[in-house]
Amino acid sequence: SAVISQKPSRDICQRGTSLTIQCQVDSQVTMMFWYRQQPGQSLTLIATANQGSEATYESGFVIDKFPISRPNLTFSTLTVSNMSPEDSSIYLCSATANTEAFFGQGTRLTVV
Amino acid sequence: QKEVEQNSGPLSVPEGAIASLNCTYSDRVSQSFFWYRQYSGKSPELIMSIYSNGDKEDGRFTAQLNKASQYVSLLIRDSQPSDSATYLCAVNNSTGGFKTIFGAGTRLFVKA
(Lines give C-alpha, C1' and ligand atoms only; values in the text may rest on other atoms or scores of the structure.)
Protein backbone atom coordinates (compact mmCIF):
# COMPACT_ATOMS: atom_id res chain seq x y z
CA SER A 1 0.00 0.00 0.00
CA ALA A 2 0.94 3.67 -0.19
CA VAL A 3 0.61 6.35 2.46
CA ILE A 4 -0.57 9.61 0.98
CA SER A 5 -0.35 13.00 2.66
CA GLN A 6 -2.56 15.73 1.29
CA LYS A 7 -2.78 19.34 2.33
CA PRO A 8 -4.54 21.51 3.14
CA SER A 9 -7.22 19.34 4.71
CA ARG A 10 -9.77 22.10 4.30
CA ASP A 11 -10.02 25.69 3.18
CA ILE A 12 -12.56 28.43 2.69
CA CYS A 13 -11.77 30.60 -0.30
CA GLN A 14 -13.16 33.68 -1.95
CA ARG A 15 -14.62 33.35 -5.42
CA GLY A 16 -12.21 34.31 -8.16
CA THR A 17 -9.15 33.16 -6.26
CA SER A 18 -7.10 29.97 -6.73
CA LEU A 19 -6.08 27.20 -4.36
CA THR A 20 -3.23 24.74 -4.79
CA ILE A 21 -3.54 21.32 -3.15
CA GLN A 22 -0.43 19.28 -2.51
CA CYS A 23 -0.09 15.50 -2.46
CA GLN A 24 2.93 13.57 -1.23
CA VAL A 25 3.26 9.77 -1.47
CA ASP A 26 5.61 7.85 0.80
CA SER A 27 6.91 5.56 -1.94
CA GLN A 28 7.48 5.71 -5.64
CA VAL A 29 4.29 4.95 -7.49
CA THR A 30 3.59 4.80 -11.18
CA MET A 31 0.22 6.43 -11.32
CA MET A 32 -1.23 9.42 -9.52
CA PHE A 33 -4.72 10.77 -10.01
CA TRP A 34 -6.95 13.58 -8.83
CA TYR A 35 -10.62 13.05 -8.05
CA ARG A 36 -13.46 15.30 -7.01
CA GLN A 37 -16.30 14.22 -4.74
CA GLN A 38 -19.24 16.55 -4.54
CA PRO A 39 -21.62 16.33 -1.58
CA GLY A 40 -23.52 13.07 -1.57
CA GLN A 41 -21.88 11.94 -4.80
CA SER A 42 -19.28 9.40 -5.78
CA LEU A 43 -15.76 10.08 -6.95
CA THR A 44 -15.27 11.69 -10.35
CA LEU A 45 -11.86 11.45 -11.95
CA ILE A 46 -10.44 14.84 -12.90
CA ALA A 47 -7.14 13.81 -14.44
CA THR A 48 -4.13 11.53 -14.44
CA ALA A 49 -1.03 13.32 -13.19
CA ASN A 50 1.85 12.40 -15.48
CA GLN A 51 5.40 12.74 -14.28
CA GLY A 52 7.25 15.48 -16.13
CA SER A 53 4.53 16.10 -18.69
CA GLU A 54 1.06 17.52 -19.03
CA ALA A 55 -1.72 15.79 -17.15
CA THR A 56 -4.36 13.77 -19.00
CA TYR A 57 -7.78 15.28 -18.33
CA GLU A 58 -11.14 13.56 -18.33
CA SER A 59 -14.09 14.86 -20.24
CA GLY A 60 -15.44 18.00 -18.63
CA PHE A 61 -12.17 19.04 -17.02
CA VAL A 62 -9.62 21.39 -18.58
CA ILE A 63 -6.08 22.41 -17.81
CA ASP A 64 -6.88 26.11 -17.49
CA LYS A 65 -9.30 25.41 -14.66
CA PHE A 66 -7.40 22.56 -12.99
CA PRO A 67 -3.68 22.83 -13.71
CA ILE A 68 -1.77 19.84 -12.38
CA SER A 69 1.92 19.31 -11.83
CA ARG A 70 3.91 16.19 -11.08
CA PRO A 71 7.59 17.01 -10.98
CA ASN A 72 8.62 13.60 -9.65
CA LEU A 73 7.21 10.16 -8.84
CA THR A 74 6.05 11.00 -5.33
CA PHE A 75 4.62 14.53 -5.49
CA SER A 76 1.77 16.23 -7.31
CA THR A 77 -0.26 19.42 -7.05
CA LEU A 78 -3.74 20.34 -8.22
CA THR A 79 -4.75 23.97 -8.54
CA VAL A 80 -8.38 24.99 -8.63
CA SER A 81 -8.35 28.27 -10.54
CA ASN A 82 -10.74 31.21 -10.63
CA MET A 83 -12.98 29.49 -8.12
CA SER A 84 -16.74 29.75 -8.00
CA PRO A 85 -19.18 28.29 -5.45
CA GLU A 86 -19.74 25.36 -7.83
CA ASP A 87 -16.15 24.28 -7.13
CA SER A 88 -17.03 23.59 -3.50
CA SER A 89 -16.23 19.93 -3.12
CA ILE A 90 -13.80 17.43 -1.68
CA TYR A 91 -10.69 16.94 -3.78
CA LEU A 92 -8.83 13.66 -3.39
CA CYS A 93 -5.37 12.66 -4.46
CA SER A 94 -4.90 8.99 -5.34
CA ALA A 95 -1.88 6.82 -6.01
CA THR A 96 -2.06 3.40 -7.57
CA ALA A 97 0.13 0.50 -6.54
CA ASN A 98 -0.38 -2.78 -8.41
CA THR A 99 -3.71 -1.42 -9.72
CA GLU A 100 -5.02 -0.80 -6.18
CA ALA A 101 -5.86 2.86 -5.58
CA PHE A 102 -5.11 4.50 -2.26
CA PHE A 103 -6.27 7.92 -1.19
CA GLY A 104 -5.10 10.92 0.73
CA GLN A 105 -7.35 12.33 3.42
CA GLY A 106 -8.86 14.80 0.99
CA THR A 107 -9.21 18.57 0.85
CA ARG A 108 -12.60 19.98 1.70
CA LEU A 109 -12.95 23.19 -0.27
CA THR A 110 -15.66 25.77 0.32
CA VAL A 111 -15.92 28.73 -2.04
CA VAL A 112 -17.82 31.75 -0.78
CA GLN B 1 -24.79 3.82 -19.66
CA LYS B 2 -22.72 4.39 -16.54
CA GLU B 3 -19.46 2.49 -16.45
CA VAL B 4 -20.02 1.15 -12.95
CA GLU B 5 -23.52 0.83 -11.54
CA GLN B 6 -24.64 0.22 -7.99
CA ASN B 7 -27.92 0.45 -6.18
CA SER B 8 -27.64 3.63 -4.14
CA GLY B 9 -29.71 2.18 -1.30
CA PRO B 10 -29.93 2.74 1.51
CA LEU B 11 -29.63 -0.91 2.41
CA SER B 12 -30.68 -1.60 5.97
CA VAL B 13 -29.87 -4.88 7.74
CA PRO B 14 -30.09 -5.95 11.37
CA GLU B 15 -26.96 -6.55 13.38
CA GLY B 16 -25.59 -10.04 12.81
CA ALA B 17 -27.21 -10.44 9.39
CA ILE B 18 -25.51 -10.77 6.01
CA ALA B 19 -25.34 -7.60 3.93
CA SER B 20 -25.19 -8.15 0.18
CA LEU B 21 -23.95 -5.37 -2.07
CA ASN B 22 -24.03 -5.61 -5.85
CA CYS B 23 -22.31 -3.93 -8.75
CA THR B 24 -22.26 -4.23 -12.53
CA TYR B 25 -19.75 -2.78 -14.95
CA SER B 26 -19.90 -2.04 -18.65
CA ASP B 27 -16.30 -2.39 -19.87
CA ARG B 28 -15.59 -6.04 -20.66
CA VAL B 29 -11.82 -5.50 -20.62
CA SER B 30 -11.85 -4.45 -16.96
CA GLN B 31 -9.28 -6.52 -15.14
CA SER B 32 -9.30 -5.42 -11.52
CA PHE B 33 -12.21 -4.96 -9.19
CA PHE B 34 -12.39 -3.33 -5.81
CA TRP B 35 -14.65 -2.52 -2.94
CA TYR B 36 -14.04 0.59 -0.89
CA ARG B 37 -15.69 1.65 2.32
CA GLN B 38 -16.25 5.34 2.97
CA TYR B 39 -17.39 6.70 6.28
CA SER B 40 -19.06 10.10 6.28
CA GLY B 41 -16.45 12.85 6.00
CA LYS B 42 -13.61 10.42 5.39
CA SER B 43 -11.68 9.20 2.37
CA PRO B 44 -12.43 5.86 0.73
CA GLU B 45 -10.65 2.88 2.29
CA LEU B 46 -9.84 -0.21 0.24
CA ILE B 47 -11.36 -3.32 1.83
CA MET B 48 -11.31 -5.92 -0.93
CA SER B 49 -9.75 -6.49 -4.32
CA ILE B 50 -10.54 -9.32 -6.71
CA TYR B 51 -9.04 -10.16 -10.07
CA SER B 52 -10.37 -13.58 -11.14
CA ASN B 53 -13.74 -15.23 -11.30
CA GLY B 54 -15.07 -16.77 -8.13
CA ASP B 55 -15.04 -15.87 -4.49
CA LYS B 56 -12.41 -14.23 -2.34
CA GLU B 57 -12.80 -14.19 1.41
CA ASP B 58 -11.14 -11.92 3.95
CA GLY B 59 -12.49 -12.15 7.46
CA ARG B 60 -16.17 -11.21 7.41
CA PHE B 61 -15.96 -9.97 3.83
CA THR B 62 -16.40 -12.04 0.67
CA ALA B 63 -16.05 -10.57 -2.79
CA GLN B 64 -17.54 -12.40 -5.74
CA LEU B 65 -16.69 -11.82 -9.39
CA ASN B 66 -18.41 -13.07 -12.52
CA LYS B 67 -16.74 -11.61 -15.59
CA ALA B 68 -19.16 -13.26 -18.01
CA SER B 69 -22.04 -11.44 -16.36
CA GLN B 70 -19.92 -8.34 -15.62
CA TYR B 71 -20.99 -8.55 -12.03
CA VAL B 72 -19.21 -8.00 -8.73
CA SER B 73 -20.64 -8.39 -5.27
CA LEU B 74 -19.60 -7.95 -1.67
CA LEU B 75 -21.02 -9.97 1.20
CA ILE B 76 -20.55 -8.81 4.77
CA ARG B 77 -21.24 -11.55 7.31
CA ASP B 78 -22.21 -10.88 10.91
CA SER B 79 -22.85 -7.23 10.10
CA GLN B 80 -21.98 -4.75 12.84
CA PRO B 81 -23.18 -1.18 13.39
CA SER B 82 -19.59 -0.11 12.66
CA ASP B 83 -20.07 -1.45 9.12
CA SER B 84 -22.56 1.35 8.47
CA ALA B 85 -20.96 3.34 5.67
CA THR B 86 -21.09 3.89 1.92
CA TYR B 87 -19.56 1.06 -0.09
CA LEU B 88 -18.05 1.98 -3.43
CA CYS B 89 -17.49 -0.51 -6.21
CA ALA B 90 -14.56 0.31 -8.49
CA VAL B 91 -12.98 -1.14 -11.61
CA ASN B 92 -9.63 -0.67 -13.25
CA ASN B 93 -7.98 -1.83 -16.46
CA SER B 94 -4.58 -1.36 -17.98
CA THR B 95 -5.99 -0.43 -21.38
CA GLY B 96 -7.78 2.47 -19.70
CA GLY B 97 -4.54 3.90 -18.40
CA PHE B 98 -4.96 2.21 -15.02
CA LYS B 99 -7.69 4.65 -14.12
CA THR B 100 -9.96 3.53 -11.32
CA ILE B 101 -13.60 4.23 -12.06
CA PHE B 102 -16.08 4.30 -9.19
CA GLY B 103 -19.72 3.50 -8.89
CA ALA B 104 -22.10 5.84 -7.11
CA GLY B 105 -21.90 3.81 -3.90
CA THR B 106 -24.42 1.96 -1.76
CA ARG B 107 -25.26 3.30 1.68
CA LEU B 108 -25.45 0.53 4.25
CA PHE B 109 -27.11 0.88 7.64
CA VAL B 110 -26.66 -1.86 10.22
CA LYS B 111 -29.27 -1.59 12.96
CA ALA B 112 -28.27 -2.58 16.47
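Look up a bit, the structure's there.
Predicted model only: the values in this text are computed from it and were never measured.

**What to know about unusual backbone geometry**
At step 1: Following A:Lys7, the chain continues to A:Pro8 via a peptide bond in cis, the omega torsion being 0 degrees.
At step 2: By the element assignment, A:Pro8 lies in the loop between strand 1 (4–7) and strand 2 (10–13).
At step 3: Look at the link from B:Gly9 to B:Pro10: it is a cis peptide, with omega at 10 degrees.
At step 4: Tracing the chain through its elements places B:Pro10 in the loop between strand 1 (4–6) and strand 2 (11–14).
At step 5: Within the chain, B:Asp78 stands out as a residue other than glycine whose phi angle is a positive 45 degrees.
At step 6: Residue position: B:Asp78 is located in the loop between strand 8 (71–76) and strand 9 (85–92).
At step 7: Look at B:Asp78 and you get partly exposed, because its relative accessible area is 40%.

**Some details on the pairing of strand 11 (residues 106–111) of chain B**
All names here are of chain B.
At step 1: Alternating residues of strand 11 divide into Thr106, Leu108 and Val110, all buried, and Arg107, Phe109 and Lys111, none buried.
At step 2: The sheet contact formed by strand 2 and strand 11 spans 4 bridges and is parallel. Within strand 11, the position partnered with Val13 by the bridge is Val110.

**Structural notes on the interface of chain A and chain B**
At step 1: In this assembly, 21 residues from chain A lie in contact with 19 residues from chain B.
At step 2: Taken together, the two surfaces of chain A and chain B that pack against each other cover about 1400 Å², and 53% of this comes from carbon and sulfur.
At step 3: Counting across the chain A and chain B interface gives 1 salt bridge.
At step 4: For the salt bridge of B:Lys99 with A:Glu58, the shortest nitrogen-to-oxygen distance reads 3.2 Å.
At step 5: The interface formed by chain A and chain B holds 9 residue pairs in polar contact (both at pLDDT 80 or more) in total.
At step 6: Looking at the side of chain A that touches chain B, the elements that each hand over two or more residues are strand 4 (31–37), strand 5 (43–49), strand 9 (89–97) and strand 10 (100–103) of chain A.
At step 7: Its residues assigned to classes, the side of chain A that touches chain B comprises 9 nonpolar, 9 polar and 3 charged.

Rules behind the numbers
Residues numbered from 1 in each chain as written. Chains lettered and ligands numbered in written order. Predicted model: local features only at pLDDT ≥ 70, side-chain atom pairs only at ≥ 80, totals over all residues. Heavy atoms only, no water. Helix = DSSP H or I, 4+ residues; strand = E, 2+ residues; numbered from the N terminus. Buried < 20%, exposed > 50% of the residue type's maximum accessible area, 1.4 Å probe, protein only. Pairing = 2+ DSSP bridges. Contact = heavy atoms within 4.5 Å. Buried area = accessible area lost by both parts, 1.4 Å probe. Salt bridge = Lys/Arg side-chain N within 4 Å of Asp/Glu carboxyl O. Polar contact = N/O pair within 3.5 Å; in protein donor to acceptor, adjacent residues only side chain to side chain. Nonpolar A, V, L, I, M, F, W, Y, C, P; charged D, E, K, R; others polar.

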